[in-house]
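Chain residues, written in single-letter form:
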Amino acid sequence: MYDVAVIGGGTAGCAAAWMAGKLGLKVLLVEKRIHLGGQMTSGLVIPAMQGGENQINTEFFDALTAKMQELGGQITYQGNRGWFNPELLKIALDRLMCEAGVEVKFEAECQKVELENRKISRIILSVSNDQIQNSCDALSVPIAATYAIDATGNCSVGKLCGARFLDTPDERQPVSLRFIMSGIDVDTFGRWLLDFDPDREATTVEGEHLSTACTWDRDWALTPLFDDAVAKNILKDTDRNYFQIFTVAGMPGTVAFNCPRQAEPGLMQLRESLLRLSNFCKEYLPGFENAFISNIADELGVRVSRRIIGKYIYTIDDLRNGKKFDNPVLLSNYPVDVHSSEKGKSTLEHTGEYQLPVEALMSADVDNLFVAGRCLSADFLSHGALRIQPGCFSMGVGAAKYIRQITA
């Protein structure tokens, strides 16, 4: 019997489990892979974006930053402390869970949920053989918890409960398949980049670290290079729909790519696209001559998926108007960021600060089910601002604090 069962050990789930454990609750964290971190580790979604100067419920982000500093896998770049090394993150998250007294089951998934009087009464886990001695088969393990937090990203627990959802088929954003290249002369590339692109909103270089971008929605300094590569059939036109790169903390000579963004269906097509992009870099970018692909994400970078109907459905009007709430779990000013695979149809709308109420993390149908992360109760446009990693950290921490408050 647990006070809290957190299903999903990604960005929001780790924050929720850690905070609940630090608050003295008995916590089980269930993760289907062999390590924690989700999009941050398996998806190579690094660095974390900035959520503003006045964020709340930052305890987990603070602890994770400190732990990553100890491991040599964190830098603060252009005021953003969320530049993390994805491999060292796996170790940092293990240590944080141990320090908070969180029990973790790896290679485990929620298989079935039993309900009684609008509450989850029992959760049946499918636990793989690394958790079971002398067995080659997965085992069904029943657990009970006073509260469950669905942090699976696609709200798989909510689906098993029969909860209702907001999403409709036309409200989607394209996924990305991130990758990393190593063997780069970053100093040479950085010096060339500063001369080639004077736009400091697009391109920054700070010491041994840098960032730059180019998309097909408008003209960038790198646009002529992409045009030439398309004309020479080095790239497909759709390969240049989104291009963004960052150096990686604790990985000299390494650059992480926030691309390719999916333009046609199929994982094979995405891998072919990233190969073309890597060849483009070696051909056109000084310092990349000896570079090579060193890591391809094991998980797609998913921006939006199933969203639950909560006790409060957060809307784009709430966000634009900066609506205040009695129990906010999140405070941010990250823009409404909605990607499109079609040219000229992406959205990047800057607003002021906004809050998210805890009720948007509470299922309207199941009384002891909370959600955290991208499966929150929010309409499509507002979700485009709320989904970033610092927001997910705050949601997880806020959900855990609220559970502690109502069980005190």
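See the structure shown above.
Computed from a predicted structure; not experimentally measured.

Peer 1: Could you give me a rundown of the pattern of salt bridges, with the residues and numbers involved?
Peer 2: Should their charged atoms come close, side chains of opposite charge can pair. Scanning all chains against the criterion turns up 21 salt bridges. In this structure, the salt-bridge partner of Glu171 is Arg307, at a minimum N-O distance of 3.0 Å. Highlighted residues: Glu171 in the loop between α4 (156-161) and β10 (179-182) and Arg307 in the loop between β15 (292-296) and α8 (316-321), separated in sequence by 136 residues. The exposure class of Arg307 is buried, given its relative accessible area of 1%. The partner of Arg191 in a salt bridge is Asp187, with the nearest N and O atoms 3.2 Å apart. Pair noted here: Arg191 and Asp187 are both in helix α5 (residues 186-196), with a separation of four residues, about one helical turn. By relative accessible area, Arg191 is classed as partly exposed at 48%. Residues joined by salt bridges that share partners form a network here, namely Glu31, Arg33 and Glu299.

Peer 1: Mind laying out the environment of Thr215, listing which residues take part and the relevant values?
Peer 2: Along the polypeptide, Thr215 turns up in strand β12 (residues 209-215). Distance in space between the C-alpha atoms of Thr215 and Gly384 is 18 Å, their sequence separation being 169 residues. Those residues in contact with Thr215, other than ones at most four positions away along the chain, are Trp220, Arg240, Asn241 and Tyr242. For Thr215, the side chain forms a polar contact with the main-chain nitrogen of Asp217, separated by 3.4 Å.

Peer 1: Could you give me a rundown of the sheet that holds strand β7 (residues 119-127), with the residues and numbers involved?
Peer 2: Spatial ordering of the open sheet is given by β6-β7-β8, a layout of three strands whose pairing is antiparallel. At either end of the open sheet lies a strand with only one pairing partner, and these are β6 (108-116) and β8 (139-143). Ignoring strand direction, the axes of neighbouring strands in this sheet form an average angle of 25 degrees.

Peer 1: Lay out helix α7 (residues 267-284) with the relevant residues and their values.
Peer 2: Over its 18 residues, α7 extends 26 Å from the first C-alpha to the last, a length consistent with the 26 Å expected when each residue adds 1.5 Å. Those residues of α7 not exposed but buried are Leu270, Ser273, Leu274, Arg276, Leu277, Ser278, Phe280, Cys281 and Tyr284. In this structure, the buried side of α7 is in contact with β10, α5, α6 (223-231), β13 (242-247), β14 (255-257) and β15.

Peer 1: Run through the packing of aromatic side chains, naming residues and quoting values.
Peer 2: One pass over the full model with this rule turns up 19 aromatic pairs. Ring geometry for Phe61 versus Phe84: centroids 6.2 Å apart, planes at 80 degrees, classification edge-to-face. With Phe61 in helix α2 (residues 59-71) and Phe84 in strand β4 (residues 80-84), the pair connects residues that are 23 residues apart, well separated along the chain. For the residue pair Phe61 and Phe84, the accessibility class agrees, reading buried in each case. Here the aromatic rings of Phe189 and Phe288 are separated by 5.0 Å at their centres, their planes lie at 90 degrees, and the arrangement is edge-to-face. Note that Phe189 is positioned in helix α5 and Phe288 in the loop between α7 and β15, a separation of 99 residues in sequence. For the pair Phe189 and Phe288, one class covers both residues: buried. Among the aromatic side chains, those forming a connected cluster through ring pairs are Phe179, Phe226, Phe243, Phe257, Phe280 and Tyr284. When the ring centre of Tyr2 is taken as reference, the NZ or CZ atom of Lys26 above it lies at 5.1 Å.

Peer 1: Break down the nonpolar core for me, with residues and values.
Peer 2: With 89 residues, the main nonpolar core has Phe60, Leu64, Met97 and Leu356 as its most contacted residues. The residues contacting Met97, other than those within four sequence positions of it, are Cys14, Ala17, Trp18, Leu29, Leu36, Phe60, Val102 and Val104.

Peer 1: Give a detailed account of the packing of helix α1 (residues 11-22) against helix α3 (residues 86-99), specifying residues and quantitative values.
Peer 2: At a minimum axis distance of 8 Å, the contact between α1 and α3 shows a crossing angle of 25 degrees. The orientation of α1 relative to α3 falls into the category roughly parallel. Pair α1 / α3 crosses with left-handed handedness. Along the contact surface, α1 presents Cys14, Ala17 and Trp18, while α3 presents Leu93, Leu96 and Met97.

Conventions used here
- Residues numbered from 1 in each chain as written.
- Predicted model: local features only at pLDDT ≥ 70, side-chain atom pairs only at ≥ 80, totals over all residues.
- Heavy atoms only, no water.
- Salt bridge = Lys/Arg side-chain N within 4 Å of Asp/Glu carboxyl O.
- Helix = DSSP H or I, 4+ residues; strand = E, 2+ residues; numbered from the N terminus.
- Buried < 20%, exposed > 50% of the residue type's maximum accessible area, 1.4 Å probe, protein only.
- Contact = heavy atoms within 4.5 Å.
- Polar contact = N/O pair within 3.5 Å; in protein donor to acceptor, adjacent residues only side chain to side chain.
- Pairing = 2+ DSSP bridges.
- Axes fitted to C-alpha atoms, helices over the stretch in contact; angles between N-to-C directions.
- Expected span 1.5 Å × (residues − 1).
- Phe/Tyr/Trp six-rings, centres within 6.5 Å; stacked < 30°, edge-to-face > 60°.
- Lys NZ or Arg CZ within 6 Å of the ring centre and 35° of its normal.
- Core = buried A, V, L, I, M, F, W, Y, C linked by side-chain atoms within 4.5 Å.
- Parallel < 35°, antiparallel > 145°, perpendicular 65-115°, else oblique.
- Left-handed = near helix turned anticlockwise from the far one by under 90°.

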